[in-house]
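Single-letter residue listing:
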Amino acid sequence: MNETTTQQTDRCCDAGDSQPPCCEAQAADDQPAWVIGEINTPAGPVPHIATALTLADRLAAARVRLGIGRMSYAVPAGLYAVGSPDAASPVLVTANYKLSFDRLRERLGGMDAWVLVLDTKGINVWCAAGKGTFGTDEIVRRVSLTGLAAVVDHRTLIVPQLGAPGVAAHEVKKQSGFKVVYGPIRAVDIPAFMAAGMTATDAMRRVRFGLRDRSAVVPLELVHWTPWALAVAAAGLVAAGLTRGGFDITAGNWLGVRSAALVLAALVGGAVIAPLLLPILPAKTLSGQGMIVGIAIAAVATAMGWIPLARETVIETAALWLIVPTISAFVAMTYTGATTYTSLSGVRREMRLAVPIQIAAGAAGLVLWTVGLFLGR
Amino acid sequence: MLKYLSNVTTLHYDADKCVGCGRCAEVCPHGVFAGHQRPAAITDRDRCMECGACMRNCPAEAITVRAGVGCAVGVIYGALGIGGDCCCSADSSAGDSCCSDAESPDAQ
């Protein structure tokens, strides 16, 4: 499980998905560092939160981005106060994923507002909306549980636009009396959105997938696939070492070393290079883009002599030229889940073509590589 | 602007039912629907990522789309019968790379 030392989540929420009722009312001695006080409202005391992120917040965010303890990175659902809000202050809705929550509150500096945190099981707004946990029912329930109608005298909720897949604005209005205004996609646009009388420009409503967005997921991709690649590389190293002249995994095992290095290079190609070069690679599918990068890696490796190019090594050459692009293609294909523009129908169509090719090429490559082990010397 | 495969989206829109509320244009993260006009118009359906926001927020039920997450790992899990259809699943194995965190460093 995760280490709780730098996590500022409420203890009672660390256990897992279901948040016990104790999260609603925080005991004074059990408050995370970002709670800086309490504000009394007609619905009872509401935690007053800081808008500046601390070093601990940022370090914890970095850990989350590297995939350490991500699943339990939740804040307690409920109502929070920013600045000195009153009955007329706006209400901004967010998920109880700490990164979503932090991204919102750090943009609320200087504002007086209420933040309504939904219980999305520690999942970010967009993913939770896709699952429906960030949704109509949870908004209606949370509005009721927090007694929001007694805290504010207006009836407007600012819901992040990416929450819309789970939220039926007209249903929220019908069931809670609160009108939903969809806020901008990026928290950074909130001050401008508020200043413009709660209207978003078209640019604020468009999801982007620039270099920064694409690279943000790269560490997680690497963390996810590296153990698999290492296992494959190690298997190749040992197999080649055992087969070719005793158990020697270094000097006498040039094939094993090269093969292992190429597996890791193929991983980097699919998990790092393909996502970063995505807009300029001449393919529409992610697997196609990964395959192109894999072929480029094989070409460079061949030029460097890491993939031999000679009549007597033709089996090994073919094997590595099959294996490297296949690994890059597969890993790049899994990046579809991190993109902001791939549809399920599109991914299914891509996979119908790509997966059989990957299986065939991967299997052929493995068979040839194994045959080459025993034939080539 | 990145564009995925053409002629694949399950998005269907019945302009006759449109009440002109403009919600579809407001919620679509890819600008598939054009503005506050009646009836709303689809500009470029190939940009649709099938998130389902328009369908969910259309009070006239003029829009249908088979909503889902375009995630290969989710599709594989679904095909193998483990987990649901989406890799964002809270109960899926930790370290799932997909849908990591809001996809965009600035998105909430």
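These numbers come from a predicted model, not from an experiment. (Residues numbered from 1 in each chain as written. Chains lettered and ligands numbered in written order. Predicted model: local features only at pLDDT ≥ 70, side-chain atom pairs only at ≥ 80, totals over all residues. Heavy atoms only, no water.)

1. Structural notes on the overall build of chain A
(1) Moving on: Scanning chain A from terminus to terminus reveals 13 helices and 7 strands.
(2) Moving on: Counting across all 377 residues of chain A, residues that qualify as buried make up 54%.
(3) Moving on: Here the analysis covers contacts within chain A between residues at least 6 apart in sequence; of these, 68% occur between residues at least 24 apart.
(4) Moving on: With the model as given, the accessible surface of chain A reaches about 15,200 Å², and the carbon-plus-sulfur share is 66%. (Helix = DSSP H or I, 4+ residues; strand = E, 2+ residues; numbered from the N terminus. Buried < 20%, exposed > 50% of the residue type's maximum accessible area, 1.4 Å probe, protein only. Contact = heavy atoms within 4.5 Å. Areas by Shrake-Rupley, 256 points an atom, 1.4 Å probe, with all protein chains shown as cover.)

2. Topic: the overall build of chain B
(1) Moving on: If you tally the helices and strands in chain B, you get 3 helices and 4 strands.
(2) Moving on: Residues classed as buried in chain B amount to 56% of the 108 residues present.
(3) Moving on: Within chain B, counting contacts between residues at least 6 apart in sequence, those at least 24 apart form 44% of the total.

3. With respect to unusual backbone geometry
Note: most residues except glycine have negative phi, and most peptide bonds are trans.
Residue and element names in this part refer to chain B.
(1) Moving on: For asparagine 7, which is not glycine, the phi dihedral falls at a positive 50 degrees.
(2) Moving on: Looking at the element boundaries, asparagine 7 is found in the segment before strand S1 (12-13).
(3) Moving on: Phi is positive for glutamate 61, close to 50 degrees, though the residue is something other than glycine.
(4) Moving on: By the element assignment, glutamate 61 lies in the loop between helix H2 (53-57) and strand S4 (63-64).
(5) Moving on: You can call glutamate 61 exposed: its relative accessible area is 61%.

4. Some details on the state of the cysteines
(1) Moving on: In this structure the tally under the stated criterion is 0 disulfides over all chains.
(2) Moving on: With no disulfide of its own, Cys28(B) lies closest to Cys51(B) among cysteine sulfurs, the gap being 6.4 Å. (Disulfide = S-S within 2.5 Å.)

5. Topic: the pairing of strand S4 (residues 91-94) of chain A
A regular strand carries its side chains on alternate faces of the sheet.
Residues and elements named next belong to chain A.
(1) Moving on: In S4, alternate side chains face the same way, and those of Val91 and Val93 on one face and Leu92 and Thr94 on the other are all buried.
(2) Moving on: As defined by bridge partners, S4 adjoins strand S5 (residues 113-117) across 4 bridges and the pair is classed as parallel. Paired with valine 93 across the bridge in S5 is leucine 116.
(3) Moving on: Traced from S4 through helix H2 (residues 98-105) to S5, the parallel crossover comes out right-handed. (Pairing = 2+ DSSP bridges. Right-handed = clockwise from strand over helix to strand, strands pointing away.)

6. With respect to a positive patch on the surface
(1) Moving on: A surface patch of positive charge is lined by Arg348(A), Arg349(A), Arg352(A) and Arg66(B).
(2) Moving on: With respect to the element layout, Arg348(A) can be found in helix H13 (residues 344-375).
(3) Moving on: For Arg348(A), a relative accessible area of 31% corresponds to the partly exposed category. (Patch = residues over 30% accessible without salt bridge, like charges linked within 9 Å, V, L, I, M, F, W, Y side chains within 5 Å. Salt bridge = Lys/Arg side-chain N within 4 Å of Asp/Glu carboxyl O. Lys, Arg positive; Asp, Glu negative; His and termini not counted. Charge placed at Lys NZ, Arg CZ, Asp CG, Glu CD.)

7. Examining the pairing of strand S6 (residues 156-160) of chain A
Residues and elements named next belong to chain A.
(1) Moving on: Summarising burial for S6: 5 of the 5 residues are buried, a large majority.
(2) Moving on: Of the strand pairs in this sheet, S6 and strand S7 (residues 179-183) are connected by 5 bridges, and their pairing is parallel. Bridge assignment links valine 159 to a residue of S7, and that residue is tyrosine 182.
(3) Moving on: In this view, the connection linking S6 to its parallel neighbour S7 by way of helix H6 (residues 169-176) has right-handed handedness.

8. A look at a nonpolar patch on the surface
Residues and elements named next belong to chain A.
(1) Moving on: Residues Val268, Ile273, Leu277 and Ile280 make up a contiguous nonpolar surface patch of roughly 320 Å² in combined accessible area.
(2) Moving on: Among the secondary structure elements, valine 268 is positioned in helix H10 (residues 254-277).
(3) Moving on: What makes valine 268 partly exposed here is its relative accessible area of 35%.

9. Remarks on the environment of Val355(A)
(1) Moving on: Along the chain, the position of Val355(A) falls in helix H13.
(2) Moving on: Sequence spacing of Val355(A) and Ala329(A) is 26 residues, and the spatial spacing of their C-alpha atoms is 9.4 Å.

10. So, the packing of aromatic side chains
(1) Moving on: One pass over the full model with this rule turns up 10 aromatic pairs over all chains.
(2) Moving on: A centroid spacing of 6.1 Å and a plane angle of 55 degrees characterise the contact between Phe209(A) and Tyr341(A), whose relative ring orientation is tilted. In this pair, Phe209(A) is assigned in the loop between helix H7 (190-195) and helix H8 (211-216) and Tyr341(A) in the loop between helix H12 (314-334) and H13, connecting sequence segments 132 residues apart.
(3) Moving on: Each ring, one from Tyr13(B) and one from Phe33(B), has its centre 5.5 Å from the other, and the planes form 85 degrees; the classification is edge-to-face. Here Phe33(B) lies in strand S2 (residues 33-34) and Tyr13(B) lies in strand S1, a separation of 20 residues in the sequence.
(4) Moving on: Classification of Tyr13(B) as partly exposed rests on a relative accessible area of 21%.
(5) Moving on: An aromatic cluster of at least three residues, connected via ring pairs, comprises Phe209(A), Tyr335(A), Tyr341(A) and Tyr4(B). (Phe/Tyr/Trp six-rings, centres within 6.5 Å; stacked < 30°, edge-to-face > 60°.)

11. A short note on the nonpolar core
(1) Moving on: Ranked by size, the top nonpolar core spans 52 residues in total, and within it Trp114(A), Phe134(A), Leu148(A), Leu157(A), Val159(A) and Phe33(B) carry the most contacts.
(2) Moving on: If near-sequence neighbours (up to four positions away) are discounted, Leu157(A) is found in contact with Val91(A), Val93(A), Ile139(A), Val143(A), Leu148(A), Val172(A), Phe178(A), Lys179(A), Val180(A) and Val181(A).
(3) Moving on: Trp34(A), Val35(A), Ile49(A) and Val75(A) belong to the second-largest nonpolar core, a separate cluster that totals 20 residues. (Core = buried A, V, L, I, M, F, W, Y, C linked by side-chain atoms within 4.5 Å.)

12. Considering the interface of chain A and chain B
(1) Moving on: Opposite the 73 residues of chain A that make contact, chain B presents 54 residues.
(2) Moving on: Between chain A and chain B, roughly 5,800 Å² of surface is buried when both sides are summed, and carbon and sulfur atoms account for 57% of that area.
(3) Moving on: Of all residues in chain A, the largest losses of buried area upon contact with chain B belong to Lys284(A), Tyr341(A) and Leu344(A), amounting jointly to 11% of the total for that side.
(4) Moving on: Where chain A touches chain B, the interface holds 1 salt bridge.
(5) Moving on: The partner of Glu26(B) in a salt bridge is Arg205(A), and the shortest N-O contact between them spans 3.6 Å.
(6) Moving on: Inspection of the chain A/chain B interface yields 22 residue pairs in polar contact (both at pLDDT 80 or more). (Buried area = accessible area lost by both parts, 1.4 Å probe. Polar contact = N/O pair within 3.5 Å; in protein donor to acceptor, adjacent residues only side chain to side chain.)

13. A closer look at the UniProt feature "transmembrane region" (unreviewed entry) in chain A
Residues and elements named next belong to chain A.
(1) Moving on: Here the UniProt-annotated "transmembrane region" (unreviewed entry) positions come out as residues 222-243, 255-278, 290-307, 319-341 and 353-375.
(2) Moving on: When the span residues 222-243 is considered, its composition is 100% helix and 0% strand, and the gap between its end C-alpha atoms is 30 Å.
(3) Moving on: Secondary structure over residues 353-375 splits into 100% helix and 0% strand, and the C-alpha atoms at its two ends are 33 Å apart. (UniProt positions renumbered as here; feature names shortened; annotations may be inferred.)

14. Details of the confidence of the model for chain A
(1) Moving on: Per-chain confidence: chain A averages 87 in pLDDT, with 88% of residues scoring 70 or above.
(2) Moving on: With pLDDT under 50 throughout, residues 1-28 of chain A is counted as low confidence; its partners more than four residues away or in other chains account for 54 contacts. (pLDDT = per-residue confidence, 0-100.)

15. Quick word on the pattern of salt bridges
(1) Moving on: Under the definition given, this model contains 14 salt bridges over all chains.
(2) Moving on: Between Asp44(B) and Arg47(B) there is a salt bridge, with the nearest N and O atoms lying 3.6 Å from each other.
(3) Moving on: What you see here is one network of salt bridges that share partners, running through Asp57(A), Lys98(A), Asp102(A) and Arg105(A).

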